[in-house]
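Structure at a glance
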Amino acid sequence: MEKNKWSGKAYSQRYYEILEKRKSLPVYAQKQEFLQCLMSNQTLILVGETGSGKTTQIPQFVLEAVHENHPSKWLVGCTQPRRVAAMSVASRVAEEMDVAIGEEVGYSVRFEDCTSSKTVLKYLTDGMLMREAMTDPLLQRYKVIVLDEAHERTLATDLLFGVLKRVLSNRPDLKLVVMSATLEAEKCLEYFSGAPLMKVPGRLHPVEILYTQEPERDYLDAAIRTVVQIHMFEPPGDVLVFLTGEEEIEDACRKIVCELGDQVNVVPLYSSLPPAMQQKIFDPPTENVRKIVVSTNIAETSLTIDGVVYVVDPGFAKQKLYNPETRVESLLVSAISQASANQRAGRAGRTRPGKCFRLYTEKSFNHDLIEQTYPEILRSNLANTVLTLKKLGIDNLVCFDYMDPPAPVTMGRALNDLLDLGALDEELNLTRTGEMMSEFPLDPQMAKMLIVSPKFNCSNEILSISAMLSVPNCFVRPRGEAQKAADEARARFGHTDGDHLTLLNVYHDYKQNNGDPNWCYQNFINHRAMKSADNVREQLVRIMSRFNLKTCSSDFTSRDYYINIRKALLAGYFMQVAHLDRTGHYLTAKDGQMVHLHPSCCLDHKPEWVVYNEYVLTSRNFIRTVTYIRGEWLVDVAPDYYHLSNFPNCEAKRVLQKLSKKRDRAGNPK
């Protein structure tokens, strides 16, 4: 009986069944060519159509080659832009290698590490590899790194290009494989000059592309209508529908089930879905039941779903956009690129000839859609990026080898923000606070809030609030009958001073009820989100203790208990404050942007000053997760930022001037 060289056990029957399937993948035919190329080059660029098998097979080929040449301890890493892909691909590869997930094959995503001392192949998000580089700048544990989905050009992938280029020049024994699904490889070839290009064909059958005659006014409605028509008039075959986010997807799933009932199996797919639910997209079909997958653009290239014959593409996706003038970063529903549209269409030709229904006109495709999606580095807030690069010892940020350099105004804004947060000194070097902030896997403002919370004697509470802000929404709000009961349940947790303290109430009650799933169900609380918050909190506590930051609380009966928490919130988020002007509108404190309290806000009145966690651009400019603060705290907590000499003329400034005069009089009685 043949033994598994990784686990030492005999191979199971399932292993041999999967092996036959693996051998039929296009990439398998080029295994020897790939291995020869890998052996004779330090960097290799591989372009493989989605569905060619590159994400699951190439790391296994690499593993075999490394194992033969380096029997001692080492790791092969394969990065993914999305956590869903890192987790689901790792599970699939563990199954293919006939080992347990978390043993020889594991994954690492933010706040969740599923690896062990036995792990030899690790799938991880690009952001996690960046974090590893902060503590191990030469990535000594790795023999080969596979950078997958490079065409997505996420912020972390772009930074990894530059970081790995430096590491490769210092480590001749390290190899890099850059994998992309599109032929925008010229840029990669130019960037990694001298690296060979290898192409792997996809298993693509012809796909007929159908456009609408006129633009659609409501793409969601049009998508549902199209699915119903496909089911009524097209031969058997699964359907893949692209929508932009969780709410839209759940809404569409409900409406499709309403229309077609049990003739179809409707499966949602988005990043905050529990892993077990995500796996449902791979379930084999039931006889005479058509599977309809309704997904975000995660199904564009990251995950391959067999059996899809029809694709419905409304032409939109949520994209991150950043305005450095107003410091507003938001996810906006925007038109996709031609490259994305072509990727989506290609999903229909995996198993047999398919059809792609584009819910826009051909003229729109040719004239309105840009060719390629802009790299994320050109449309993001770079404060975290700057902090990471500084921690990596890259002091000259302008000379860092970017594939696409960010705009100077965006870089300047990031440096200013970090100066205001006390993460950089006047020479733009990392301060002790900045060093600590870079170790937290959080945005810089939240990290700062945690670091200063012991001074306000409330680090326990700020830890809980930070954990709750780092996980998906904990409130469940079903449609129909139960919605009123859900809203009443949420109101019971409400705190008069705002949303951050409401989240704290939820966390405290959850812990008092020992994390009971039934308590969550009865109170319309997402149990999985609460378990994640618990896990995140434990990890943040470990980082706090590493820096000897004490965990402490004020006496719950003290009148300062909630005041201290609100001051600590402000100490991190003082750049995100809004003031209520005389017309009854909120304006952001320094930029003067008009904003509205988000409908989910629990405040039943409009306080004069509020601090907010995020700015959401939808039909209006909303601020979400909002807490009431006092104007006089601004000068106490952030005296430089709120110094009146560098404040624009506005009502907020006049109010602060009055407050400081009042304080001066109180401090210097005549």
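Identification of the chain as RNA helicase from Brassica campestris is taken from an unreviewed UniProt entry. The Catalytic activity (unreviewed entry) comment attached to the chain in UniProt states, word for word, "ATP + H2O = ADP + phosphate + H(+)".

This brings us to the overall build of the chain. Assigned secondary structure in the chain consists of 25 helices and 21 strands. By the compact-globule yardstick of 26 Å for 670 residues, the chain fits well, its C-alpha radius of gyration being 26 Å. Principal axes of the C-alpha set define a box for the chain whose edges measure 90 × 60 × 55 Å. Split into buried and exposed, the 670 residues of the chain put 56% on the buried side. Sequence-distant contacts in the chain: of pairs separated by 6 or more residues, those separated by 24 or more amount to 73%. In the structure as shown, the chain presents an accessible area of about 30,100 Å², 50% of it carried by carbon and sulfur atoms. Taking the 80 positively charged and 83 negatively charged side chains of the chain as two groups, their mean positions are separated by 4 Å.

A few words on the packing of aromatic side chains. The final tally for this structure, using the stated rule, is 19 aromatic pairs. Ring plane angle 75° and centroid distance 4.9 Å describe the contact between Phe400 and Tyr402, whose orientation is recorded as edge-to-face. You'll find Phe400 and Tyr402 in the same group, each marked buried. Arranged with centres 5.9 Å apart and planes meeting at 75°, the rings of Phe493 and Trp519 form a pair that is edge-to-face. In this pair, Phe493 sits in helix H19 (residues 482-493) while Trp519 sits in helix H21 (residues 517-522), placing the two residues 26 residues apart along the sequence. Among the residues examined, Trp519 registers a relative accessible area of 10% and is labelled buried. Site record: aromatic cluster; members linked through ring pairs are Tyr11, Tyr15 and Tyr16. Positioned above the aromatic ring of Phe365, the side-chain terminus of Arg358 is 4.6 Å from the ring centre.

Turning to the environment of Val84, a few remarks are in order. As for its placement among the helices and strands, Val84 is situated in helix H4 (residues 83-96). Taking the relative accessible area as the measure of exposure, Val84 reaches 2% and is therefore buried. With 31 residues separating them in the primary sequence, Val84 and Thr115 have C-alpha atoms 16 Å apart. With near-sequence residues (within four places) excluded, Val84 lies in contact with Tyr270, Ser271, Gln278, Ile298 and Leu303.

All right, on to helix H23 (residues 560-573) then. Over its 14 residues, H23 extends 20 Å from the first C-alpha to the last, a length consistent with the 20 Å expected when each residue adds 1.5 Å. The buried fraction of H23 amounts to eleven of the 14 residues, a majority that puts the element mostly inside the structure. Among the residues of H23, those classed as buried are Tyr561, Ile563, Asn564, Ile565, Arg566, Ala568, Leu569, Leu570, Ala571, Gly572 and Tyr573.

Next up on the list: the packing of helix H1 (residues 13-23) against H4. Close contact between H1 and H4 brings their axes to 9 Å; oriented N to C, the two are set at 115°. The pairing of H1 with H4 is recorded here as roughly perpendicular in orientation. Across the interface between the two elements, Arg14, Tyr15, Ile18 and Arg22 of H1 pack against Arg92, Glu95 and Glu96 of H4. Class assignment of the residues belonging to the contact of H1 with H4 gives a composition of two nonpolar, no polar and five charged.

Here is what the cut-offs are and how they apply
- Residues numbered from 1 in each chain as written.
- Predicted model: local features only at pLDDT ≥ 70, side-chain atom pairs only at ≥ 80, totals over all residues.
- Heavy atoms only, no water.
- UniProt positions renumbered as here; feature names shortened; annotations may be inferred.
- Helix = DSSP H or I, 4+ residues; strand = E, 2+ residues; numbered from the N terminus.
- Rg over C-alpha atoms; globule rule 2.2 N^0.38 Å.
- Buried < 20%, exposed > 50% of the residue type's maximum accessible area, 1.4 Å probe, protein only.
- Contact = heavy atoms within 4.5 Å.
- Areas by Shrake-Rupley, 256 points an atom, 1.4 Å probe, with all protein chains shown as cover.
- Lys, Arg positive; Asp, Glu negative; His and termini not counted.
- Charge placed at Lys NZ, Arg CZ, Asp CG, Glu CD.
- Phe/Tyr/Trp six-rings, centres within 6.5 Å; stacked < 30°, edge-to-face > 60°.
- Lys NZ or Arg CZ within 6 Å of the ring centre and 35° of its normal.
- Expected span 1.5 Å × (residues − 1).
- Axes fitted to C-alpha atoms, helices over the stretch in contact; angles between N-to-C directions.
- Parallel < 35°, antiparallel > 145°, perpendicular 65-115°, else oblique.
- Nonpolar A, V, L, I, M, F, W, Y, C, P; charged D, E, K, R; others polar.

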